[in-house]
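Understanding the architecture of this molecule
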Amino acid sequence: MATDGDTVADAQQQQQEVLIVTGMSGAGRSTVANALEDLDWYVVDNLPPQMLRPLVELANRAESGLPRIAAVVDVRGRNFFSDLREMIHSLREGTKVRVLFLEASDAVLVRRFEQVRRPHPLQGDGTILDGISAERARLREIREAADIIVDTTDLNIHQLATNITDTFAAEDAAGVQVTVMSFGFKYGLPADADMVADARFLPNPFWNPELRPHTGLDEVVRDFVLEQNGADEFIEGYVSALRPIMAGYQRENKRHALIAIGCTGGKHRSVAIAEELAARLRSFPGLAVNTKHRDLGRE
């Protein structure tokens, strides 16, 4: 039989959900913080890592409780920031802690700093690019340990806010939020992909004049791609391989997965395969699956 003490402990455990928002300066931390506030997270900006534990303890003592806390922690904390990795490890003993890492390409970050006419916090007497390089080096280990990585290179503030809203609003409905993304290799690999598969082994509809104007969302292209030798075998094999992976994500409380499917331009093969893969993954228990076509319309 549960005691009153057990009930209190269970309630506190439910309250201990902490999201650490970090990443590159200029990658959109303020936009993410605002989106999380709109989702009823309690958000603290520019928090020194050493204050994370007191914040969690204070939140648990609050009369109404603060079930979701988001702390924006970044290099503005100067020397304090160096303790972030150790603090994350310490907090994970008994507390649900996740790290959301934001990044963008060097060129986009430089442009964003130039637009607001502000120096990079680490550039010192150097250039903006010097500051970005120094920050990437300092954040490398944090990025590798991140639970969620969002590349904002091609996102404006409204698209980023929608991305965050869709990601976290869906969490209560599923154990793992899965995005199956198509992309074109000629435009570069998705920096935030957890898994990448290559659909270029299939014949390219681009070389068929009747199919070239269409996309993988159109039935005529979809049927062409899926009827090719090896297409169904690939999809079925990939689905089988993903089954234990998704089960492991749920056991380890990893709430997000980005599966990227690439072809040359991200218009035909990868789009059709991504849609079919997503359709089959929706039969998995505990998953909320959506599709995204990064480079569709880019050509």
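Structure report, in brief. Position numbers for residues start from 1 in each chain and track the written sequence from start to end. Under the rules for a predicted model, residues below a pLDDT of 70 receive no local features and side-chain atom pairs below 80 are neither given nor counted, while totals for whole chains, interfaces and linings still include all residues. As a convention, hydrogens and water are excluded, and side-chain values are obtained from all of the structure's heavy atoms.

This part covers unusual backbone geometry. Positive phi, normally seen in glycine, also occurs at Asp-40, with a value near 75°. Among the secondary structure elements, Asp-40 is positioned in the loop between helix H2 (29-38) and strand S2 (42-44). Its identity as a non-glycine residue notwithstanding, Asn-46 has a phi of 55°, on the positive side. A run of H or I in DSSP counts as a helix once it spans at least four residues, and a run of E counts as a strand once it spans at least two, with each numbered from the N terminus. The residue Asn-46 is located in the loop between S2 and helix H3 (52-61) in this model. Taking the relative accessible area as the measure of exposure, Asn-46 reaches 35% and is therefore partly exposed. Only protein chains enter the accessibility calculation, which uses a 1.4 Å probe; a residue whose area is less than 20% of its type maximum is buried, one above 50% is exposed, and one in between is partly exposed.

As a further point, take the sheet that holds strand S9 (residues 287-293). With parallel pairing, the 4 strands of this open sheet are ordered in space as S7-S8-S6-S9. The strands lining the two open edges of the sheet, one partner per strand, are strand S7 (195-198) and S9. In this sheet, neighbouring strand axes are inclined to one another by 20° on average, regardless of whether the strands run parallel or antiparallel. Packed onto the sheet, helix H9 (residues 231-251) meets strand S6 (176-184), S7, strand S8 (256-263) and S9 and runs at close to 180° relative to S7. One requirement defines pairing of two strands: DSSP has to find at least two bridges between them. Axes, fitted as lines to C-alpha atoms, cover a helix only where it is in contact. Angles between the N-to-C directions of the axes lie from 0 to 180 degrees. We call two residues in contact when some of their heavy atoms are within 4.5 Å.

Once that is clear, we can look at the sheet that holds strand S4 (residues 96-103). On the basis of which strands lie adjacent, the open sheet formed by 5 strands has the order S2-S3-S1-S4-S5 and parallel pairing. Either end of the sheet is taken by a strand with one partner, and the two such strands are S2 and strand S5 (148-151). On average, each strand axis in the sheet is inclined to that of its neighbour by 20°, with strand direction left out of account. Relative to strand S3 (residues 69-72), strand S1 (residues 17-23) is paired through 4 bridges, and the arrangement is parallel. In the sheet register, Val-21 faces S3, and the bridge partner there is Val-72. Of the strands in this sheet, S1, S4 and S5 touch helix H6 (residues 128-144), which is tilted by about 145° from S4.

Let us now look at the nonpolar core. Buried residues of nine kinds, namely Ala, Val, Leu, Ile, Met, Phe, Trp, Tyr and Cys, make up a nonpolar core once their side-chain atoms join them within 4.5 Å. One finds Ile-20, Leu-36 and Leu-100 to be the most contacted residues of the largest nonpolar core, which totals 51 residues. The leading source of residues in this core is S4, at 5 residues. In this structure Leu-100 touches Leu-19, Ile-20, Val-21, Thr-22, Val-32, Ile-148, Val-150, Ile-164 and Phe-168, once residues within four positions along its chain are discounted.

A side-chain nitrogen of Lys or Arg and a carboxyl oxygen of Asp or Glu constitute a salt bridge if their distance falls within 4 Å. In total, this model carries 16 salt bridges according to the counting rule given. Among the salt bridges present, the one from Glu-219 reaches Arg-222, with a minimum N-O distance of 3.9 Å. With Glu-219 and Arg-222 both in helix H8 (residues 219-226), this residue pair falls 3 residues apart, about one helical turn. Relative accessible area serves as the criterion here: at 33%, Arg-222 is assigned to the partly exposed category. In this structure, Arg-294 and Asp-295 form a salt bridge, with 2.9 Å as the shortest nitrogen-oxygen distance. Connected through shared salt-bridge partners, Glu-17, Arg-68, Lys-96 and Arg-98 make up one network.

What follows covers the environment of Ala-71. Within the secondary structure, Ala-71 is located in strand S3. Ala-71 sits 182 residues away from Asn-253 along the chain, and the two C-alpha atoms are 19 Å apart.

Its location among the elements puts Phe-206 in the loop between S7 and H8. Residue classification places Phe-206 among the partly exposed positions, given a relative accessible area of 35%. For Phe-206 and Met-87, which are 119 residues apart along the polypeptide, the C-alpha to C-alpha distance reads 51 Å. In contact with Phe-206, not counting residues within four places along its chain, are Arg-212 and His-268.

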